[in-house]
Amino acid sequence: MAVERTLSIVKPDAVRKNLIGKIIARFEAEGLRPIAIRRSWLSRQEAEGFYAVHKARPFFGELCDFMTSGPCVLIVLEGENAVLRNREIMGATNPAQAAENTLRRLYADSIGENAVHGSDSAENAAIECAWFFRTTEVHG
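Residues numbered from 1 in each chain as written. Predicted model: local features only at pLDDT ≥ 70, side-chain atom pairs only at ≥ 80, totals over all residues. Heavy atoms only, no water.

Right, let's get into the overall build of the protein chain. Across its full length, the protein chain holds seven helices and four strands. When its helices and strands are written in sequence order, the protein chain yields β-α-α-β-α-α-β-α-α-β-α. Against the globule reference of 14 Å for 140 residues, the protein chain gives a C-alpha radius of gyration of 14 Å, in line with a compact fold. For the protein chain, with 140 residues in total, the buried portion stands at 47%. Accessible area of the protein chain: about 7200 Å², with a carbon and sulfur share of 52%. Of the charged side chains in the protein chain, 17 are positive and 18 negative, and the gap between their average positions amounts to 3 Å. (Helix = DSSP H or I, 4+ residues; strand = E, 2+ residues; numbered from the N terminus. Rg over C-alpha atoms; globule rule 2.2 N^0.38 Å. Buried < 20%, exposed > 50% of the residue type's maximum accessible area, 1.4 Å probe, protein only. Areas by Shrake-Rupley, 256 points an atom, 1.4 Å probe, with all protein chains shown as cover. Lys, Arg positive; Asp, Glu negative; His and termini not counted. Charge placed at Lys NZ, Arg CZ, Asp CG, Glu CD.)

This is the structure in structure tokens:
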């Protein structure tokens, strides 16, 4: 198994519900170690740049509106197969389809307000971590 790093975001809906500690505790209980954390209120420019891959999709504007609606918590997680593990812990994008006891099943309200983000590949994880964190801010 490979030790990897991945980006997780506790989205504005979960921050508003005071779920930051529960979500981080879950990652730690599942063997993922937070090695960089920052609370941030994303600017429109940051959100649009981060989600640029979705620019042509009909939900892009709503996604950026949501991600700039309040503070979020940006986290670099490290651990064995961190990308896959984080995605398993999060659950399906649609909370109604997410497996029992996943973060989205427990805490998300809808497909659009789904509590957490996680990188979908090791390659994207490297890009996403670098989008929000300088290398000097990440301590493994």
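Still to come is the rest of the account.
Our focus in this paragraph is helix α7 (residues 122-132). Turning to α7, its buried residues are A125, E128, C129 and F132. For α7, the angular spread of the buried residues around the axis is 100°, confining them to a single face. Along α7, exposed side chains directed more than 90 degrees from the buried face belong to E123, I127 and A130. Tucked into the core, α7 has its buried residues touching β1 (3-10), β2 (33-40), α3 (44-50), β3 (72-80), α5 (82-90) and β4 (116-118). (Arc of directions from axis to C-beta. Contact = heavy atoms within 4.5 Å.)

Under the definition given, this model contains 11 salt bridges. Across the pair R38 and E137 runs a salt bridge, and its minimum N-O distance is 3.7 Å. Of this pair, R38 sits in strand β2 while E137 sits in the segment after α7, placing them 99 residues apart in sequence. The class of R38 is partly exposed, set by a relative accessible area of 28%. (Salt bridge = Lys/Arg side-chain N within 4 Å of Asp/Glu carboxyl O.)

The subject of this paragraph is the side chain of S119. Counting through the fold element by element, S119 comes out in the loop between β4 and α7. For S119, a relative accessible area of 0% translates into the label buried. Within the structure, S119 has its side chain in polar contact with the side chain of T6 (distance 3.4 Å). Within polar-contact distance, the side chain of S119 engages the side chain of E128 at 2.6 Å. Leave out the neighbours within four places in its chain, and S119 touches T6, L7, V83, N86, R87, N124, A125 and E128. (Polar contact = N/O pair within 3.5 Å; in protein donor to acceptor, adjacent residues only side chain to side chain.)

Okay, the packing of aromatic side chains next. Inspection of every chain in the model, using the stated rule, returns two aromatic pairs. With a centroid separation of 5.0 Å and an interplanar angle of 45°, the aromatic rings of F50 and F132 are classed as tilted. Within this pair, whereas F50 is found in helix α3, its partner F132 is found in helix α7, the two being separated by 82 residues in sequence. Of the aromatic side chains, those joined through ring pairs into one cluster are F50, Y51 and F132. (Phe/Tyr/Trp six-rings, centres within 6.5 Å; stacked < 30°, edge-to-face > 60°.)

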